[in-house]
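# Report on the structure
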Amino acid sequence: PSTDLHGEPSSWLILADKSGIGAALAEVLARKGGACRLVYSDQLIGRRKTAAWIPDDLVKPFAKLISGFADRSAPLRGVINLWALDLSIEYRGVQQLNDAQKIVLGSTISLLRAVVQARGRAETPARIWAVTRNSVSITPEDPPVKVAAAALWGLGRTARLEHPQIWGGQVDLDASRESSPSVDAAAVLGELLNRGGEDQVAVRKGVRFAARLVRATAPKKPTATFDSNGSYLITGGLGALGVEVAKWLVTQCKVKRLLLVGRRGQKDPSYRRVQRALAALGAEVTVLRADVSSEKDVQRLIGRIEKFHAPLKGIFHCAGVLDDGILMQMEWQKFERVIAAKLAGGWLLDKFTRYCHLDHFVVFSSILSLTGSAGQANYAAANAFLDGLISRRRKQGLPALAINWGPWAESGLATVSGEKGRAIWRSRGTEYIPTDIGRRALDLLIGSDAGHAAVTITKWPIFLQQFASPPPLYRELQKEIGAVTANAGLAASAANLKTKMKELAPAARHDLLTLFVRQEAMQTLGIKEEIDAARPLREFGLDSLMSVALVNRLETALGIRISAVKLIQGPSVAQIVDDILPDLGYAKDTDPVEKRDRRSRKKASSRWLVVAGARPFPRLRLFCFPFAGGGSAVYRSWSEFLDPAIEVVAVEPPGRLGRMEEKPIVDIKKFGSELVSEMRPLLDLPFAFFGHCLGGLTMYETARRLIRSTKFRPIHLFVSGARPPDRVSDQGPFENRLIDDLLRLGQFIRNRPMYAQPDDVFGELIRHFNIPATDQLLSDPKLRKLMLPVVRAEFRMASNYKFVKERPWDIPITCFAARGDPYVSRHHALGWGRFTNSRLQVYIRDGAHFAVVDDMAFIHGIINKELRVQSQH
Ligand SMILES: NC(=O)c1ccc[n+]([C@@H]2O[C@H](COP(=O)([O-])OP(=O)(O)OC[C@H]3O[C@@H](n4cnc5c(N)ncnc54)[C@H](OP(=O)(O)O)[C@@H]3O)[C@@H](O)[C@H]2O)c1
């Protein structure tokens, strides 16, 4: 790669190492005209006991350092984190390993947050690079991997997905004697200035190795045997995959003695059922309680196995948890919670069983450690650590296998987010692995010569469509599927787009850009059929998360800043094109047909109501009321799943998406009266209402207004996650816990209603309601400024609500509630019975407050059934 700065003035922030690479790098950069500032970990973390600080504390000092560059004539071009190079090679105890993670992972996350926060002020944001040494296994001569920094690879792959404009990449340096500070500095510099897009590079003896995901050849037939007199330990043994492994060991490998471990041990509700099922297959099962991330627990566990059980012959490390969140909101506590079982757990199991003569040491890692996963940096990092641990064991001649699983079907971590989760996997071309295929993979891999294998059912052409330009990691897979995929064409067109635009006449230029933006929007939305460039994207379901994704795609392809705030309003493709043409250096120079269309459409459409998937011959309409802060996008996909006779009409109150610039409503009467007057033209067919959470209340009041002031009335009311109107202001356990939590926050102001609390307190409050995308909403300063007033207004509407008694209506009500919803109790769900003289049905399902929204398939089934019956009468 090039090592020339091309004469551009630049500044660099170097989080320097003690071995002198940072200093050497600063020297070369200075020779090339770059201005550098070096900061050593001791300066920021100090010599305090490492246990006393948390990485979140670094965001402020990093932000201060970055703002120090704002006035310089040379913009801050990059931040290079070399702190991982200061880590010692081996750790005696798990505490030291955990402390090292704070430095390696914690500093990187905080740095990212600080750069993102400063982004608004900078023309081009600084790129972050992370440097490690021998933390990935590359050549046969490499010494065993230094695992302390292995997790950084999972974090980096995720950072690239969440912040493609900011994450530069990572470089792994050589551990051989041939390296010296100046040689290493030159290698790092090469990557910083490399314009080839490689973001995962290792350098060994002067040779660059770039990461590629390639299809594996089938491993040699498994030869390792299982010892019918030995014991086999499964951590997370009562979890979904743990049980599958147990069954496979007993039935396929004739293993008789199983030790299943979890933090709950025999208190796990599935304990008896699993034990009985395995006993029926002929196994002798012992369930033990241990937290694998605790040194004491693991030492005690292995000691106990040695003393009381048959010799330990195999370990299957399946313990794991999820706690998702985007990096901007990934506080260290949340990060640590997820990495514990895999990172400390894997390391401790390795440490305490080295002398055990194991035949198998298998870790259940995830495909996401290789691909990264937006919103799951902690999980990707934890699994990347396991991958590194396995490389190290193999180098040391110990049995070791990492299986990087794709999502399994039926139960387990991948399926916890219900239909929504499945839809996300599908949009990435990935199907759930059926149990029998998972078992076949175990047959093939365990005991074979493979050390690492990813098992996933993924259609790569679809997977790659998520990227405007696929990362180099997938280049081999791209070759395999042929460069003719739609996306490769798109990437190429993105690259040529700007050149082509220059050559074209204004009208043709406009059309080309429209074509491009439309393609990008379709891919973001996961829509195959061509969308109308004049129709607002919000009508296709562009929600705030998707808007951010679309911003990223367009920014990457076009190299300009795009306003996320504008995109969230769900403009049409034509409007986006109009907005970005001037930024690309062209005037808004045409008046194409699409614009004329748009003008005429605007008049015809209602502000309050968005028809989500118009039906040619609807027999019924279903009006859907959103939750606090939610907009019509939530209901966009419903038309795909509901009976073709039902037309879905989503309610869009002021202040969100397309109505972002309007003032949100705080008075529920005003809400009802404005909505009812706009509803009238759509009341020519029988209709029903659906409302979630606050939408249950606005739905009820709208129905009341309609019934009192017109001859129309809904034929059915569906509510989910909603208290009945006369119990909205109940003060129960949920409220008490909420107050307890909020009181702990210093900024909480007593005697002030919840909706008027300072931003941080209010943010915490809405987290208790698990409103989808809360993390994203709170983390982006612009989004927060824009959205919080809306959510506040709606909480105010609910908090000022005074229930006025009403005779029950002759309208059937169906209520969906979730067992794990702390806000809506079973009692509340049954309370809807006071509002109907007809029929009340209550469905109480597994899950939390929004599980009912995630549990869409079930809800759709019931709505279809109810409305089919009613429309036939
Ligand atoms: N399911 C999938 O589709 C999928 C895909 C890729 C990878 N994986 C990996 O496969 C493994 C199993 O997944 P799963 O779906 O079976 O998850 P699961 O059903 O949630 O089971 C995980 C188990 O881990 C235990 N556990 C968590 N933390 C622990 C700790 N610190 N010490 C001891 N036990 C702990 C839990 O029990 P306690 O709460 O009692 O501790 C639980 O039984 C996980 O590592 C996961 O990352 C799964």
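In this report, we go over the structure that sits alongside the text. (Residues numbered from 1 in each chain as written. Predicted model: local features only at pLDDT ≥ 70, side-chain atom pairs only at ≥ 80, totals over all residues. Heavy atoms only, no water.)

### Things to note about the overall build of the protein
Per the secondary structure count, the protein includes 32 helices and 23 strands. When burial is assessed residue by residue, the protein has 57% of its 873 residues classed as buried. Across the protein, the fraction of contacts at a sequence separation of at least 24, relative to all contacts at a separation of at least 6, is 77%. Carbon and sulfur atoms provide 52% of the accessible area of the protein, an area that totals close to 37,300 Å². (Helix = DSSP H or I, 4+ residues; strand = E, 2+ residues; numbered from the N terminus. Buried < 20%, exposed > 50% of the residue type's maximum accessible area, 1.4 Å probe, protein only. Contact = heavy atoms within 4.5 Å. Areas by Shrake-Rupley, 256 points an atom, 1.4 Å probe, with all protein chains shown as cover.)

### Quick word on the pattern of salt bridges
According to the stated counting rule, one finds 36 salt bridges in the structure shown. R475 is paired through a salt bridge with E198; the nearest N and O atoms lie 3.8 Å apart. Here the residue R475 occupies a position in helix α16 (residues 475-481), and E198 occupies one in the loop between α6 (181-192) and β6 (200-204), the gap between them amounting to 277 residues. The salt bridge partner of R621 is E647, with a shortest N-O separation of 2.8 Å. Of this pair, R621 sits in strand β18 (residues 620-625) while E647 is found in strand β19 (residues 646-651), placing the two residues 26 residues apart along the sequence. Across the pair, E647 and R621 agree in class, each one buried. What emerges from the salt-bridge pattern is a single network uniting D350, R354, R392 and R393. (Salt bridge = Lys/Arg side-chain N within 4 Å of Asp/Glu carboxyl O.)

### Thoughts on the sheet that holds strand β7 (residues 207-210)
Spatially, the seven strands line up as an open sheet ordered β2-β1-β3-β4-β5-β6-β7, and their pairing is mixed. Of all the strands in the sheet, just β2 (34-40) and β7 have a single pairing partner and so form its edges. Across this sheet, the average inter-strand angle for adjacent strands is 20 degrees, counted without regard to direction. With four bridges connecting them, β6 and β7 associate as antiparallel partners. (Pairing = 2+ DSSP bridges. Axes fitted to C-alpha atoms, helices over the stretch in contact; angles between N-to-C directions.)

### A closer look at empty space enclosed by the protein
What the rule picks out here adds up to three cavities of 30 Å³ or more. As a volume, the largest cavity reaches approximately 70 Å³. Lining of the largest cavity is provided by R157, R160, L161, D199, Q200, L370, T371, F467, P471, L473 and Y474. Among the elements of the structure, α5 (151-162) and α11 (368-371) are those that each provide at least two residues to the lining of the largest cavity. When residues in the lining of the largest cavity are grouped by element, the largest group, three residues, is from α5. (1 Å grid on protein atoms, 1.4 Å probe; cavity = no way out; pocket = protein on both sides within 12 Å on 5 of 7 lines; lining within 4 Å. Points joined across faces, edges and corners; volume = space filled by probe spheres on them.)

### A word on the site of the ligand
L241, K342, Y379, W408 and L413 are the nearest of the 27 residues found near the ligand. The contact in question runs from an oxygen atom of the ligand to an N or O atom on the side chain of R263, over 2.7 Å. One of the side-chain N or O atoms of R264 is found 2.8 Å from an oxygen atom in the ligand. If the ligand stood free it would expose 870 Å²; the protein chains cover 92% of that surface. Among the elements of the structure, α7 (240-253), α10 (332-352) and β12 (360-366) are those that each provide at least two residues to the shell around the ligand. When grouped by side-chain class, the residues that make up the shell around the ligand number 16 nonpolar, seven polar and four charged. (Near = heavy atom within 4 Å. Polar contact = N/O pair within 3.5 Å; in protein donor to acceptor, adjacent residues only side chain to side chain. Nonpolar A, V, L, I, M, F, W, Y, C, P; charged D, E, K, R; others polar.)

### Notes on the environment of Y755
Here Y755 lies in the loop between α26 (733-743) and α27 (759-768). Looking at Y755, the relative accessible area reads 17%, which means it is buried. Each C-alpha atom of the pair Y755 and F795 lies 5.8 Å from the other, and the pair is 40 residues apart in sequence. Contact partners of Y755, with chain neighbours within four places excluded, come to F762, R792, F795, R796, S799 and N800.

### Observations regarding the packing of helix α1 (residues 21-31) against α6
Between α1 and α6, whose axes approach to 8 Å, the crossing angle comes to 60 degrees. Classified by the angle their axes make, α1 and α6 are oblique. Considering only the axes of α1 and α6, their crossing is right-handed. In this structure, α1 contributes I21, A24, L25, V28 and L29 to the contact, and α6 contributes P181, S182, D184, A185, V188, L189 and L192. By residue class, the composition of the contact of α1 with α6 is ten nonpolar, one polar and one charged. (Parallel < 35°, antiparallel > 145°, perpendicular 65-115°, else oblique. Left-handed = near helix turned anticlockwise from the far one by under 90°.)

### Description of α5
Its twelve residues give α5 an end-to-end C-alpha distance of 17 Å, which sits within 8% of 16 Å, the value for a rise of 1.5 Å per residue. For α5, the buried fraction is high: ten of the twelve residues fall into the buried class. Considered for burial, the residues of α5 that qualify are A151, L152, W153, G154, L155, G156, R157, T158, A159 and E162. (Expected span 1.5 Å × (residues − 1).)

### Observations concerning the sheet that holds strand β13 (residues 401-405)
The parallel open sheet is built from seven strands, whose spatial order is β10-β9-β8-β11-β12-β13-β15. If you trace the sheet from one side to the other, it starts and ends with β10 (284-289) and β15 (452-455), each paired once. Averaged over all adjacent pairs, the angle separating strand axes in this sheet is 15 degrees, with direction ignored. The pairing of β12 with β13 spans five bridges and is classified as parallel.

### Focus: the layout of surface pockets
Roughly 1,600 Å³ of volume is contained in the second largest pocket. L213, L370, H452, A453 and A454 are the residues nearest the centre of the second largest pocket, which is lined by 47 residues in total. Residue assignment for the lining of the second largest pocket shows that the elements contributing at least two residues are α5, β6, β7, α12 (377-395), α14 (435-445), β15 and β16 (457-458). Of the residues contributing to the lining of the second largest pocket, the split by class is 30 nonpolar, eleven polar and six charged. Residues from two domains meet in the lining of the second largest pocket; each of domain 1 (10-211) and domain 2 (231-459) gives at least three. (Domains from an automatic or database assignment.)

### So, the environment of E640
Relative to the helices and strands, E640 resides in helix α23 (residues 638-641). Judged by its relative accessible area of 55%, E640 is exposed. Distance from E640 to A612, taken between C-alpha atoms, is 9.4 Å for residues 28 residues apart in sequence.

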